[in-house]
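# Inside the fold
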Amino acid sequence: MKRLVQRMLTMLLVLLLPALALCEEITPEPLEYAPTITPEPLGSSEVTLHVAGGMSSAYDAFRQMYPHIGIETTEDDYFSANAIIGSLMTRDATYDIMKVSTSSVDVAQIIDRGYALPMEDSEIIADYVNSLYPALRDMVTRDGKVYAVPLFLHCQEGGYVPQSFEELGLEVPTTWQELAALINAWPDQPDEVREEYEINQWTMNYREWFLRRVTERYVTHMEATGQELHFDTPLYRELMSLVDTMTTENDTDEELEVNYLMGNGYIEPIQMGYTWDTPLLDLAMEGRVTHSIYVSMVLLNPYTQHAEEAQRCIEVMIGRISAPVRQTMVDAAYLTPMEDPDYPQRVADWEAERERLETRLAECDEADRFDVQEELRWHEEYKASLDASKWLITAESIPAYAKVFETLYFPRPSVLDAKDENDAYARSIAHTLEARYIAGQIGMDDFIREMESRMQMVLKERGN
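Residues numbered from 1 in each chain as written. Predicted model: local features only at pLDDT ≥ 70, side-chain atom pairs only at ≥ 80, totals over all residues. Heavy atoms only, no water.

### Side note on the pattern of salt bridges
- Counted according to the given criterion, the structure contains 21 salt bridges.
- Of the charged contacts in the structure, one is a salt bridge between Arg356 and Glu375, with a shortest N-O distance of 4.0 Å. In this pair, Arg356 sits in helix α15 (residues 343-363) while Glu375 sits in helix α16 (residues 366-388), placing the two residues 19 residues apart along the sequence.
- Two residues, Arg449 and Asp446, come together in a salt bridge whose shortest N-O distance is 2.6 Å. Remark: Asp446 and Arg449 occur in helix α19 (residues 444-461); sequence separation between them is three residues, near one turn of the helix.
- One connected set of salt bridges, linked through shared partners, spans Glu353, Arg356, Arg360 and Glu375. (Salt bridge = Lys/Arg side-chain N within 4 Å of Asp/Glu carboxyl O. Helix = DSSP H or I, 4+ residues; strand = E, 2+ residues; numbered from the N terminus.)

This is the structure we're talking about:
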């Protein structure tokens, strides 16, 4: 009996081992930052790919691989939504590859309407897209098929200069209310501070700047939290009241060339680490921080006559995306630190230059000694910057990007992007209305009522 029980337990363990193996945590393979694109055979007939925007370095590489395939590009770097829809509704096959930005094109709408050709049978494209952050990957895939390939992200949010806040002993604002308080308290700063610093780079009218920024963030916040967009809400009225209480003492008639506390925000500084760069300024709205991030990507025309060649060209584009740029899009689980392959040569060049300067110093006349000493001193100080450029991706930057990505949101084009056809400068309908409000031509109730009216008009024109 005992022997029978042991035999049964052994059989049960054998059956369970495969299942237990499946339960182990699966670690994704590190992403190959620059996949090797080998010039595999690709047709023999001479064809020409027509591309709307893209990457010139990738096109040069593609031409070298396939001399019999030409590439012609448009003057415009990006295709507009109207151009894509208008072209594809007429089954126009003029352009094989189209580059778009989510700041002006509703990519989800383009894909869902069948205006993009799925990119199939490509391990390079599939591996790259599968490595992206889930929100970015889901944007360009449907039922496991890839319909667009992201090339890079661009951000149009506000940022801050940590060094400036530290030098002045100021707290970095974390809410829009704190930002308004900082602006209102700025006139109390000593004259020498105000002569050397400004709050936001190249800002002449702070009430107008604040209203535009807070309105943009409000629209993104409503979309990101799944709330129906309306402007007549307690939250938006509270934000607008901050504008009404804002001082005008910081306004100026010219763009000042001074140090600043805030400016345009970027996601690259996490990797670069320069103190003069401006990481994103996290300003919470209803306790949530949301930054709008836009994606540049390429699509395949569903009516192209050269799908194989065009898809191969997109593979070459992927191979040309640099490691630092990939780091802004790829899930941290797929990333590993990466040293710049050019770093050893830069160090060798630096050492050779130091040896040359030391030889000059030993052989120079007394009259030239001071100048050579200064040149050598500057060269020695440059070594710190050189060492800082050793890594394209550092161990510290990988979790830092993962943390920032938690606050990023990919918005669809909003009513704020619609142009005012009656405006001579082709500004958005919100921009012209904001200018009237800041000038005192309309009050808050009229502003909100007009924003609601214009929003409904835009939605109706879009068929929403």
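That covers the picture; the talk isn't over yet.
### Topic: unusual backbone geometry
- Backbone geometry places Asp143, a non-glycine residue, at a positive phi of 50°.
- When you line up the elements, Asp143 lands in the loop between β4 (141-142) and β5 (145-146).
- In the Ramachandran plot, Trp202 falls in the positive-phi region, its phi being about 55° despite a non-glycine side chain.
- You can see Trp202 is positioned in the loop between β8 (197-200) and α10 (206-224).

### Observations concerning the confidence of the model for the chain
- Taken over all residues, the pLDDT of the chain has a mean of 84, while the share at 70 or more is 84%.
- Considering only residues more than four positions removed or in separate chains, one finds that residues 1-27, a stretch of pLDDT under 50, has zero contacts.
- Confidence drops under a pLDDT of 50 for residues 271-276, and excluding neighbours within four residues, the segment shows 11 contacts in the predicted structure. (pLDDT = per-residue confidence, 0-100. Contact = heavy atoms within 4.5 Å.)

### Quick notes on the pairing of strand β10 (residues 291-300)
- Burial of β10 is extensive: 10 of the 10 residues sit out of reach of the surface.
- Residues His291, Ile293, Val295, Met297 and Leu299 line one face of β10 and the alternating positions Ser292, Tyr294, Ser296, Val298 and Leu300 line the opposite face, and both faces are buried.
- Inspection of the sheet shows strand β3 (residues 97-101) paired to β10 by five bridges, in the antiparallel sense. Within β10, the position partnered with Ser101 by the bridge is Ser296.
- Here strand β6 (residues 148-155) pairs with β10 via seven bridges, running antiparallel. Each residue of the ladder has a partner; that of Ala148, found in β10, is Leu299. (Buried < 20%, exposed > 50% of the residue type's maximum accessible area, 1.4 Å probe, protein only. Pairing = 2+ DSSP bridges.)

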